[in-house]
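Single-letter residue listing:
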Amino acid sequence: PLPTWYHPSPNVDTGPGMIPTVDLSAAGTEAAVAAKVREACTTAGFFFLTGHGIPLDVIHGAFAGSADFFALTPEEKEHCRADANNRGWNPVGEETLDPTTQIKGDTKEGYYIGREVDAESEEAKLPLHGPNVWPDEAKHAKLKRWRETMETYYDALTRLARQLLPLFALALGLPRERFLQEGYFDRPVALLRLLRYTAEQSTPESGVLACGAHSDYGMFTLLTTDDVPGLQIRVDNAQAATAEGHSVSPPVWVDVPPRPGDFVVNIGDLLQRWSNDTFKSTVHRVVNHVAVERFSMPFFFEPNFECVVECFPECCVDADGNPLASKHSPTTAGQYLLDRYAETHADFIDPTPPEGPKR
């Protein structure tokens, strides 16, 4: 249940059933689970994931470690400042996810942890690849075994994400193994982000948000949160065209209630592009109406950096088999991510020169 002090904000629908639930432990065939995933991805673009198999103590350990790191002083955290590969700490306000409407940066701080890549390897020459930035555990008693805790959680999330890949393929009417083939997710850009939202109250009408409105960039996101509300998804309502032209009603923001221990899964832009917009990369935001500190941990599971993303042929036909035009031009997963990071992170500089990827 929601805390007794929680009151929905104006223009927010909290009706039950808006966000469906997919239970990986439920009896039934893989095809039946994939059908539920398809329903969620073609409607809300979000679903709750239960029966995921990650032990609660692993999740709780990561939350505790996150709180311990963010409790350090700004001077102590500065030693872990995010590097050129976007690994490490970003201070409050460094990211502005909706720069067109926000008057200042998001009222949150974050810490990126990615797939560990040897600095001397060929793969490390790619942007967003390399070793992680880790705090010095010897200097901070509370951070004992911090890296081990985070790597345990990261590895569990990676296994879960790979478990979901066949479900997304089947949900799109693709061969089950499509996303398991070489070149898709064998070297993923998979990023765990620890987040602490400050207790500053949001005022969306004046451009102050805990997290600005945005869609996620990649394949899909696995999110777990504490019990503080704040996440909202946008539902756009198109009105009938009038003699004066087409008009669109204001968007409705729908609360996604916190469900600690379960995951919120949402579709990213690259999966929407692969699906030719069959699946929805839904715009969402975080609004702090309760002036309480909030913690969350999104895991962004993205394709290989050099993976080409263009509409699958199976998604470029209608129900009768007639060809449909692709709604998006081809891109690579890496370049799309770099472009989005450059738009929203004040400290991020796109390292890709015109001639191609270069570290």
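Treat the numbers as computed from the prediction; the structure is a model and nothing was measured. (Residues numbered from 1 in each chain as written. Predicted model: local features only at pLDDT ≥ 70, side-chain atom pairs only at ≥ 80, totals over all residues. Heavy atoms only, no water.)

A few words on empty space enclosed by the protein. Applying the stated criterion across every chain, the model contains four cavities of 30 Å³ or more. Estimates place the volume of the largest cavity at around 320 Å³. Along the wall of the largest cavity there are 24 residues; nearest its centre are His-214, Asp-216, His-284, Pro-298 and Phe-300. Among the secondary structure elements, those contributing two or more residues to the lining of the largest cavity are β5 (108-114), β6 (188-197), β7 (211-214), β8 (220-225), β12 (284-286) and β13 (294-304). When residues of the lining of the largest cavity are assigned to their parent elements, the largest contribution, five residues, is made by β13. Residues that form the lining of the largest cavity fall into these classes: 13 nonpolar, five polar and six charged. Roughly 100 Å³ of volume is contained in the second largest cavity. As for the second largest cavity, its lining consists of 17 residues, of which Thr-225, Pro-257, Pro-258, Arg-259 and Val-264 are closest to the centre. Among the secondary structure elements, those contributing two or more residues to the lining of the second largest cavity are β8 and β11 (263-267). Per-element tally for the lining of the second largest cavity: the top contributor is β8, with three residues. Each residue belonging to the lining of the second largest cavity can be placed in one class, and the counts come to 11 nonpolar, three polar and three charged. (1 Å grid on protein atoms, 1.4 Å probe; cavity = no way out; pocket = protein on both sides within 12 Å on 5 of 7 lines; lining within 4 Å. Points joined across faces, edges and corners; volume = space filled by probe spheres on them. Helix = DSSP H or I, 4+ residues; strand = E, 2+ residues; numbered from the N terminus. Nonpolar A, V, L, I, M, F, W, Y, C, P; charged D, E, K, R; others polar.)

Our next topic: the sheet that holds strand β2 (residues 21-23). Spatial strand order, β2-β3-β11-β8-β13-β6-β5-β4: eight strands in an open sheet with mixed pairing. The strands lining the two open edges of the sheet, one partner per strand, are β2 and β4 (88-90). Across the sheet, the mean angle separating the axes of adjacent strands is 25 degrees when strand polarity is ignored. Bridge count between strand β3 (residues 46-50) and β11: four bridges; the pairing is antiparallel. Across the sheet, the residue bridging to Phe-48 is Val-264, located in β11. Along the sheet face, helix α1 (residues 30-41) touches β2, β3 and β11 and points at about 145 degrees away from the line of β3. Here helix α6 (residues 333-344) sits on the sheet and contacts β5, β6 and β13; the angle it forms with β13, its principal contact strand, is near 145 degrees. (Pairing = 2+ DSSP bridges. Axes fitted to C-alpha atoms, helices over the stretch in contact; angles between N-to-C directions. Contact = heavy atoms within 4.5 Å.)

Phi is positive for Asn-276, which is not a glycine, with a value near 60 degrees. Assessed through its relative accessible area of 5%, Asn-276 is described here as buried. Backbone geometry at Asp-277 places phi at a positive 75 degrees, although glycine is not the residue there. (Buried < 20%, exposed > 50% of the residue type's maximum accessible area, 1.4 Å probe, protein only.)

Next up on the list: the state of the cysteines. What is meant by a disulfide is a covalent connection between two cysteines, made through their sulfur atoms. Following the criterion strictly, the structure yields one disulfide and no others. Between the sulfur atoms of Cys-311 and its disulfide partner Cys-316 the distance amounts to 2.3 Å. Look at Cys-311 and you get buried, because its relative accessible area is 12%. (Disulfide = S-S within 2.5 Å.)

Ring pairs (aromatic) are described by centroid distance and by the angle formed between their planes. Tallying each qualifying case throughout the model produces 21 aromatic pairs. Look at Tyr-184 and Trp-274: their rings are 5.8 Å apart centre to centre, the planes differ by 50 degrees, and that puts the pair in the tilted class. Separated by 90 residues along the polypeptide, Tyr-184 in the loop between α4 (146-171) and β6 and Trp-274 in helix α5 (residues 269-274) bring together distant segments of the chain. Note on accessibility: Tyr-184 and Trp-274 belong to one class, buried. On the numbers, 5.4 Å between centres and 10 degrees between planes, the contact of Trp-274 with Phe-312 is stacked. With a gap of 38 residues between them, Trp-274 in helix α5 and Phe-312 in the loop between β14 (308-309) and β15 (331-332) connect regions that are remote in the sequence. (Phe/Tyr/Trp six-rings, centres within 6.5 Å; stacked < 30°, edge-to-face > 60°.)

Time to look at the pattern of salt bridges. Opposite charge on two side chains permits pairing when their charged atoms draw close. A full pass over the atoms with the stated rule returns 20 salt bridges. We note a salt bridge from Lys-77 to Glu-109, for which the minimum N-O separation is 3.0 Å. Taken as a pair, Lys-77 in helix α3 (residues 74-77) and Glu-109 in strand β5 lie far apart in primary sequence, 32 residues in all. Residue Glu-109 is classed as buried on the basis of its relative accessible area, which comes to 2%. Here Asp-106 makes a salt bridge to Lys-108, at a shortest N to O gap of 2.5 Å. You can call Asp-106 buried: its relative accessible area is 1%. With relative accessibility at 4%, the residue Lys-108 sits in the buried group. Counted as one network, the salt bridges with shared partners bring together Lys-77, Glu-109, Arg-196 and Glu-293. (Salt bridge = Lys/Arg side-chain N within 4 Å of Asp/Glu carboxyl O.)

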